[in-house]
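# Geometric and topological summary
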Amino acid sequence: MNKLAQAKTELLKQYGIDGDIILFGEKTEESLAERFAEIDGIAEYNQLKVIRAFQECRVSEACLTGTTGYGYGDTGRDTLEKVYAAAFHTEAAIVRPLIACGTHALSIALAGNTRPGDEILSVSGKPYDTLEEVIGIRPCTGSLAEYGITYSQVDLLPDGSFDFEGIRAAIKPATRLVAIQRSKGYDSRRTLSVAQIGEVIRFIKGIREDLIVMVDNCYGEFVETEEPSDVGADMIVGSLIKNPGGGLAPSGGYICGTAECVERAAYRMTCPGLGAEIGPSLNLNPSFYQGFFLAPVVTAAALKGAVFAANLYEKLGFKAIPDGSESRHDIIQAITLGTPEGVIAFCRGIQKAAPVDSFVTPEPWDMPGYQDPVIMAAGAFVEGSSIELSADGPIRPPYNVYFQGGLTWPSAKLGVLYSLQCMKDAGLLQIPESC
Ligand SMILES: *Cc1c(COP(=O)(O)O)cnc(C)c1O
């Protein structure tokens, strides 16, 4: 072992990580050199794409100041929205701190683009848990169902692909908006690739060109060189405390898409008539710009952490989704741990690696919007930010933990090693000699 490697091992031991786990991590990392180089290549491409968008939109020092009150004529805000539209190749965008989270952005996009009597069709199965109340799949005050907007869904086929014939049969005269969720969320299915999404959009538009296709892009941004907006989506929607905020945006969401769809969403975001004209950026423009600038490399760090975790846990006999060698379409790594204790130990390991609140012990709790108790580990600079190192899982079979984020690769690596240590300490795994 060279001097640096020895010094690193010493430091990791001071964290309480055992020698066998450190060695297992090192060997696994070495075996992933090619994968990591590929991830860096995509990050470079996306970095170039983002800088180009900044330059085309003539981002200037003046853009970094903010407005208060109504926020009329907020140049920084308006230019930031042009930057997002340029980077994601859409006609328009809204990118606002006013949008409190991804669910809020999706809710605005759906409500703004549907009217009573319209139907929303999800073609990627059950949507993300919190959207069930937005749509009214689970009854809720103010849901779209209460406004006479109906919902139907076509599940993905058992192999995770789109059910094309099922989709054809489900499109009715009332169908107005088709929703596609790129990432698996709290589900065991595969994440959809941009290529797959493009194929289904071509199919849908071939049946009815006037259908609006909205993609829930949460966790997918910058993982590939293309986004769903490059392959025909009318709207892509996401959260700024995930990938595109680069870890710096303290709040916010975005909707990028056609001018018409974005305008309708803006009238829902604020109110009819005012739309995107109002809404102060406060003093948040610098973190929005800088976060978007950093997002491609931050996303790459998170992806490396995910690939690393998949490979380690797979070698120990756990099921990883995606598996250790599969191509990646989002930053989420699910690992089937099989027991509630496993999910809890994993999350406690992630917490221990955090820069903030490392001494806190996460416990499962009944989170609003979720059906089962959820445990969440995060010691983040921005509360709830899941582009930062974090892990969570609903306490329900098959006891999957969802691991994501890591603003830097070394911090993601530490989190994964700590998770192994906590699992080992709880008697839930052993590192075999062969590792
Ligand atoms: C995170 C996420 C959302 C929105 O969640 P928020 O917590 O409201 O930001 C929606 N869909 C998917 C697939 C997600 O991963």
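The structure this text deals with has already been given above.
Worth saying up front: this structure is predicted, and the values here are computed from it rather than measured.

On to the overall build of the protein chain, then. The number of helices and strands found in the protein chain is 12 helices and 12 strands. By the compact-globule yardstick of 22 Å for 435 residues, the protein chain fits well, its C-alpha radius of gyration being 22 Å. The dimensions of the protein chain, computed from C-alpha atoms along their principal axes, are 65 × 50 × 40 Å. Going through the 435 residues of the protein chain one by one, you find that 57% of them count as buried. Restricting to contacts in the protein chain with at least 6 residues of sequence separation, those with at least 24 account for 71%. A total of about 17,900 Å² of accessible surface is found on the protein chain, and carbon and sulfur atoms cover 55% of it.

Roughly 980 Å³ of volume is contained in the largest pocket. Taken together, the elements giving at least two residues each to the lining of the largest pocket come down to helix H5 (102–112), helix H6 (131–135), strand E10 (374–378), strand E11 (390–394) and strand E12 (400–404). Sorting elements by how many residues they give to the lining of the largest pocket places H5 first, with five residues. Looking at side-chain class alone, the lining of the largest pocket contains 24 nonpolar, 17 polar and five charged residues. Split by domain, the residues of the lining of the largest pocket number at least three in each of domain 1 (3–45 + 296–425) and domain 2 (65–292). By volume, the second largest pocket amounts to about 370 Å³. If you go around the second largest pocket, you meet 22 residues; those closest to its centre are Glu81, Ala93, Arg96, Ala276 and Glu277. Of all elements in the fold, only helix H4 (75–87), strand E1 (92–96) and helix H9 (259–269) reach the threshold of two or more residues within the lining of the second largest pocket. Partitioned by chemical class, the residues of the lining of the second largest pocket number 11 nonpolar, three polar and eight charged.

Now for helix H11 (residues 340–352). Its 13 residues give H11 an end-to-end C-alpha distance of 19 Å, which sits within 8% of 18 Å, the value for a rise of 1.5 Å per residue. Listing the buried residues of H11 in full gives Gly342, Val343, Ala345, Phe346, Cys347, Gly349, Ile350 and Gln351. The elements touched by buried residues of H11 are helix H10 (285–315), strand E9 (333–336), E10, E11, E12 and helix H12 (409–425).

Here the focus is the nonpolar core. In terms of nonpolar packing, the biggest core is built from 62 residues, with Tyr313 and Phe346 touching the most fellow members. Contributing elements (two or more residues each) for this core: helix H2 (19–31), helix H3 (33–56), H10, E9, H11, E10, E12 and H12. No other element matches the 10 residues that H10 contributes to this core. Split by domain, the residues of this core number at least three in each of domain 1 (3–45 + 296–425) and domain 2 (65–292).

We now examine empty space enclosed by the protein. For the structure on display, the rule yields three cavities of 30 Å³ or more. Put simply, the largest cavity is a space of about 80 Å³. In this structure, the largest cavity is lined by Leu110, Ser122, Ser124, Pro127, Leu131, Ile135, Tyr151, Ala179, Ile180, Gln181, Met214 and Asp216. Those elements that provide at least two residues to the lining of the largest cavity are H6, strand E4 (175–181) and strand E5 (212–216). When the residues that make up the lining of the largest cavity are grouped by side-chain class, the tally is eight nonpolar, three polar and one charged.

What counts, and at which threshold
- Residues numbered from 1 in each chain as written.
- Predicted model: local features only at pLDDT ≥ 70, side-chain atom pairs only at ≥ 80, totals over all residues.
- Heavy atoms only, no water.
- Helix = DSSP H or I, 4+ residues; strand = E, 2+ residues; numbered from the N terminus.
- Rg over C-alpha atoms; globule rule 2.2 N^0.38 Å.
- Buried < 20%, exposed > 50% of the residue type's maximum accessible area, 1.4 Å probe, protein only.
- Contact = heavy atoms within 4.5 Å.
- Areas by Shrake-Rupley, 256 points an atom, 1.4 Å probe, with all protein chains shown as cover.
- 1 Å grid on protein atoms, 1.4 Å probe; cavity = no way out; pocket = protein on both sides within 12 Å on 5 of 7 lines; lining within 4 Å.
- Points joined across faces, edges and corners; volume = space filled by probe spheres on them.
- Nonpolar A, V, L, I, M, F, W, Y, C, P; charged D, E, K, R; others polar.
- Domains from an automatic or database assignment.
- Expected span 1.5 Å × (residues − 1).
- Core = buried A, V, L, I, M, F, W, Y, C linked by side-chain atoms within 4.5 Å.

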